[in-house]
Amino acid sequence: MGNRGMEDLIPLVNRLQDALSGVGQSCSLHLPQIAVVGGQSAGKSSVLENFVGRDFLPRGSGIVTRRPLILQLLSADTEYGEFSHSKGKKFTDFDEIRQEIEAETHRLTGANKGISPVPISLRIYSPHVLNLTLVDLPGITKVPIGDQPADIEYQIRDMIMQFICKENCLILAVTPANTDLANSDALKLAKDVDPQGQRTIGVITKLDLMDEGTDARNILENRLLPLRRGYIGVVNRSQKDIDGKKDIEAALHAEEKFFLSHPAYRHMAKSTGTPYLQRILNQQLTNHIRDTLPAFRSHLQSQLLDMSKEAEEYSQFRPDDAARRTKTLLQSVQRLAVDFEKLIEGSGNKVDTVNLSGGARINRIFHERFPYELVKLESDERNLRREINYAIRNIHGVRTGLFTPDMAFEAIVKRQIARLKGPCVQLVDMVSQELLATVYQCINKLSSFPKLRDETERIVSTEIREQESRCREQVMLLIDVQLAYVNTKHEDFIGFTNGQQTSQQTSQQSHKKTAAVMAGNHVIRKGWLTISNIGIMKGGAKEFWFVLSAESLSWFRDDEEKEKKYMLPLDNLKLRDVEKGFMSSRFVIAIFNTELRNVYKDYRSLELACCSQDELDSWKSSLLQAGVYPENATVDERGNGAPENFTDPQLERQVETIRSLVDSYMSIIYKTFKDLMPKTVMHLMINSVKEFISSELLAQLYALGQRSALMDESPEQRRHREEVLRKHAALKEALAVVAKFSTSTCTTPLPPPVDSSWIQPSSTTLPEKSVAKPVARGHAPSVPRAPAAHAATPSAAANTSTTNTTSTTSLRRRGGQPHRAPPGVPRKHPPTIPNVK
């Protein structure tokens with residue numbers, strides 16, 4: 001073929017396919033190949049059999065090729081075939097090859113004329129072939145026959161597109177000469193994915209069956225309906241020849257005689273026929289492989305690099321080496337300790353941008369959830385005043401008190417301190433759950449060794465439970481310490497004298513204003529919230545951009561904050577939780593006015609919805625900072641829930657005094673616990689668990705006395721390790737094969753572009769140099785539309801009439817009717833029951 005230095009390229013690809021046979025589809029390596037595309041009975045199978053010189057493909061009516069056939073032709077001294085699904089078995093009888101193809105096809109598709117995209121790989125060695133790799137695809141059909149599925153046309157088109165969309169696939173478009181070439185489905189599909197014609201080679205079959213007095217000379221000379229790579233004409237055996245068992249070698253001689261004797265083709269006899277087509281395909285495939293080899297090598301190198309670290313670890317692991325098992329155990333425990341510390345303490349390496357780590361979630365518990373629970377206790381104003389009232393009355397008994405009793409203050413303070421047990425224990429429990437979740441996240445990396453994972457999980461979980469119990473005891477001790485002695489001499493405590501002076505200034509409203517002043521009139525939080533109870537009759541809930549400041553809650557149309565919808569003052573507002581609906585996935589809180597006024601227009605409350613509980617808790621905490629406190633139930637089991645109506649002014653002053661003193665003292669307690677609780681939990685739980693994992697875990701694992709059993713691999717891990725090592729070895733072998741070849745040899749340049757606008761695909765426009773991507777199985781994928789077809793130029797029509805007055809009527813007719821709508825391959829998924837008109 002005039003380029004002998006390149007002939008080793010196709011065997012190189014075949015060696016690559018051998019090397020990568022164990023890699024599987026996960027490597028996504030699309031090796032260069034030639035896909036044979038054409039309609040049913042276009043002569044595709046006959047062309048392939050002529051290449052081999054043997055009858056080996058199934059024959060019959062209707063759709064015969066129902067699975068892609070990857071056919072590798074290799075030049076060798078002996079003649080035989082091999083299937084990839086029957087490795088090691090050589091087929092010397094080509095009738096058996098046909099039977100094996102039919103049997104393998106029926107195995108997946110059954111006998112109902114259905115199709116399957118799973119290819120059959122056949123390798124044929126013969127002294128009569130040139131090195132080629134071809135893919136025989138099912139013929140394009142229009143109407144389902146027999147019990148074929150109604151969408152058979154779309155399935156076939158989908159399968160063909162999966163092959164020809166790949167940029168390194170050459171397209172062999174086979175069209176019979178006795179049909180309208182400009183209406184060829186094969187050329188239309190090729191045009192869809194290869195609008196520049198760089199990968200398309202035209203093949204004209206059945207030249208001997210054209211009407212008498214017509215020929216395809218202008219087509220084969222690439223003057224009428226041109227392609228960039230041109231056309232090659234072939235003459236196959238007729239059905240009568242096939243039924244009569246006409247020898248293929250005799251058919252090739254008859255083909256050569258036909259071209260030499262035909263007056264329209266004799267001058268181009270050397271550039272027609274099956275042997276010439278075989279040489280051209282070999283040359284084109286070789287050139288294509290040479291062009292794609294650098295990118296192919298880079299692809300191999302990148303995949304090998306991604307897999308090298310994991311393969312190196314697995315290559316050093318020896319299941320039967322006791323020293324290696326011990327080293328792996330030590331490394332696994334050390335890695336667990338490092339991972340746990342990174343998740344708790346934070347790390348700049350491989351930052352997770354999707355989910356919060358364990359340390360970040362614990363931080364939220366410390367500074368959002370726990371303060372929120374404390375404020376809920378602190379904000380129960382009405383219940384507190386009622387308790388003070390009852391305490392003062394019960395201390396005085398039947399007597400009328402003249403002075404404010406300090407025993408009432410101490411009783412109320414101790415009762416308030418005792419209520420801290422609930423939030424504090426809840427804090428310990430939540431941190432314990434987060435520690436367990438973090439440990440499980442780290443331990444999952446030990447899934448390669450099930451016994452080690454289970455024992456590690458058991459030991460660390462037990463340690464966390466023990467530290468949790470110890471921490472809970474310490475928290476109870478802190479509360480008991482506060483209950484043991486009420487220090488009224490604390491420097492931050494206002495005392496009885498100041499309490500009486502400020503008793504008239506303390507109320508729930510002033511408390512809110514104080515909180516707002518402390519926060520300042522600045523923005524506390526911004527974010528998206530959904531107003532779920534407004535607009536229900538106008539299309540459902542709507543999402544707005546909310547801005548919370550110390551004095552108001554505003555919402556906007558979007559986060560640009562240009563179009564303000566409303567601004568709601570925070571005075572007299574409270575919040576309460578709203579139960580989720582049966583079908584709702586959102587978390588909702590409601591804001592309402594304590595004076596029973598409308599919050600917004602005609603709505604008594606404003607229901608705000610979030611997507612997660614964490615987000616809702618964060619908004620609650622922000623609202624607390626702004627002075628919007630939660631609603632609390634104030635009805636006890638005796639029904640003492642109504643606010644007290646003071647008829648005694650002296651009792652009212654005493655209640656106000658005690659309430660001011662309690663507020664002052666409890667603010668000290670809350671401040672102390674907000675500071676001490678995170679420190680206590682950090683010291684007794686988090687740091688202790690970290691220290692245990694880094695220094696004690698390994699010793700306890702050794703104490704089990706089952707070091708050998710701990711490092712037994714799971715069956716899944718063993719298979720994964722073997723697969724990684726096999727893939728790594730295959731990629732290295734493939735790179736070694738590629739490295740032995742030099743791409744500095746000569747090649748045949750690509751022909752210049754031609755005007756192929758005569759092909760009229762019914763698809764959308766495809767930009768130049770765009771890469772069509774393979775699509776998933778299912779409905780027919782939408783593919784790009786090439787530019788609309790134009791009429792043949794007048795010069796071409798004149799040239800046609802002068803050079804070949806006896807050209808075929810069908811071929812010439814297309815030049816005069818460029819706008820005739822061709823029956824192109826549909827691009828939309830068909831209905832379940834097609835409409836037949």
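Residues numbered from 1 in each chain as written. Predicted model: local features only at pLDDT ≥ 70, side-chain atom pairs only at ≥ 80, totals over all residues. Heavy atoms only, no water.

Draft legend 1. Focus on the nonpolar core. Formed by 69 residues in total, the largest nonpolar core has its most connected members in V431 and L435. For this core, the secondary structure elements donating two or more residues are α10 (322-345), α11 (358-378), α12 (381-396), α13 (406-418), α14 (421-443), α15 (450-484) and α19 (649-703). In terms of residue count, the dominant contributor to this core is α19 (21 residues). When residues no more than four places from it in sequence are discounted, the contact partners of L435 are F340, I344, I362, I464, M685, I686 and V689. In terms of nonpolar packing, the next biggest core, distinct from the first, is built from 45 residues, A173, A177, L181 and L227 among them. (Core = buried A, V, L, I, M, F, W, Y, C linked by side-chain atoms within 4.5 Å. Buried < 20%, exposed > 50% of the residue type's maximum accessible area, 1.4 Å probe, protein only. Helix = DSSP H or I, 4+ residues; strand = E, 2+ residues; numbered from the N terminus. Contact = heavy atoms within 4.5 Å.)

Draft legend 2. Main features of unusual backbone geometry. Phi angles above zero are rare outside glycine, and E561 is one such case at about 60°. On the accessibility criterion, E561 (28% relative accessible area) is partly exposed. Residues other than glycine seldom take positive phi values, yet N572 does so here, at roughly 60°. As for its position among the elements, N572 is in the loop between β12 (564-569) and β13 (573-578).

Draft legend 3. Summary view of the pairing of strand β4 (residues 120-126). Most of β4 is tucked away, with six of its seven residues classed as buried. Sheet topology note: the strand β2 (residues 69-75)/β4 ladder contains seven bridges and is parallel. Pairing of L71 across the sheet is with L122, part of β4. When strand β3 (residues 80-83) meets β4, the two strands line up antiparallel, connected through four bridges. Looking across to β4, one finds that F83 is bridged to L122. (Pairing = 2+ DSSP bridges.)

Draft legend 4. How the structure looks around the sheet that holds strand β10 (residues 542-549). Strand order across the open sheet formed by eight strands is β12-β11-β10-β9-β15-β14-β13-β16, with mixed pairing between neighbours. Of all the strands in the sheet, the pair left with one neighbour each is β12 and β16 (629-630). Relative to strand β14 (residues 587-593), β13 is paired through six bridges, and the arrangement is antiparallel. Directly across from D577, in β14, lies its bridge partner I589.

Draft legend 5. Local environment of the packing of helix α4 (residues 152-164) against helix α5 (residues 185-193). Running from N to C, α4 and α5 point in directions that differ by 50°, and their axes come no closer than 11 Å. By the angle class used here, α4 and α5 are oblique. Relative to α5, the crossing made by α4 is right-handed. Across the interface between the two elements, R157, I160, M161 and I164 of α4 pack against L189, D192 and V193 of α5. (Axes fitted to C-alpha atoms, helices over the stretch in contact; angles between N-to-C directions. Parallel < 35°, antiparallel > 145°, perpendicular 65-115°, else oblique. Left-handed = near helix turned anticlockwise from the far one by under 90°.)

Draft legend 6. Geometry of the pairing of β14. In terms of burial, β14 is a largely internal element, seven of the seven residues being buried. Neither face of β14 is left uncovered, since the one carrying F587, I589, I591 and N593 and the one carrying V588, A590 and F592 both have all their residues buried. Strand direction decides the pairing type here: β14 and strand β15 (residues 605-610), joined by six bridges, are antiparallel. Counterpart to A590 in the pairing with β15 is E607.

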